[in-house]
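So the chains spell out like this:
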Amino acid sequence: MNPIRIAKSWINYRRTVAELGNLSNHALSDIGITRFDIRNIASRSFR
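A quick note: this is a predicted structure, and the numbers were derived from the prediction, not measured. (Residues numbered from 1 in each chain as written. Predicted model: local features only at pLDDT ≥ 70, side-chain atom pairs only at ≥ 80, totals over all residues. Heavy atoms only, no water.)

A. Structural detail: the nonpolar core. Residues Y13, V17, L20, L28, I33, I38 and A42 constitute the largest nonpolar core, which totals seven residues. Looking at this core, the elements with two or more residues in it are α1 (3–21) and α3 (38–43). Considering each element in turn, this core owes the most residues, three residues, to α1. Contacts of L20, omitting those with residues within four sequence positions, involve L28, I31, I33, R35, I38 and I41. (Core = buried A, V, L, I, M, F, W, Y, C linked by side-chain atoms within 4.5 Å. Buried < 20%, exposed > 50% of the residue type's maximum accessible area, 1.4 Å probe, protein only. Helix = DSSP H or I, 4+ residues; strand = E, 2+ residues; numbered from the N terminus. Contact = heavy atoms within 4.5 Å.)

In structure tokens form, the structure reads like this:
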């Protein structure tokens, strides 16, 4: 992986964590995830 792609992936990871983290527990439940799942889901965008 080149450095630019790594940086873009990291930005996407952080953005995903931030956006999902801003949702209420009820909203997260509506889409079928918990707060515990957020980092795991976001890490998929970092690969």
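Once the structure has been displayed, the description carries forward.
B. Looking closely at the environment of S24. Mapped onto the secondary structure, S24 falls in the loop between α1 and α2 (25–30). Separated by 13 residues in sequence, S24 and D37 have C-alpha atoms that sit 14 Å apart.

C. A look at the environment of A7. Tracing the backbone through its elements, the reader meets A7 in helix α1. For A7, a relative accessible area of 38% corresponds to the partly exposed category. Residues A7 and N25, 18 residues apart in the sequence, show an inter-C-alpha distance of 30 Å.

D. Looking closely at the packing of aromatic side chains. This structure, assessed with the given rule, holds one aromatic pair. A centroid spacing of 5.1 Å and a plane angle of 25° characterise the contact between W10 and Y13, whose relative ring orientation is stacked. Residue W10 and its partner Y13 are both found in helix α1; the two are separated by three residues, about one turn of the helix. (Phe/Tyr/Trp six-rings, centres within 6.5 Å; stacked < 30°, edge-to-face > 60°.)

E. View of the environment of I33. Along the chain, the position of I33 falls in the loop between α2 and α3. For I33, a relative accessible area of 14% corresponds to the buried category. It is 28 Å that separates the C-alpha atoms of I33 and R5, two residues lying 28 residues apart in sequence.

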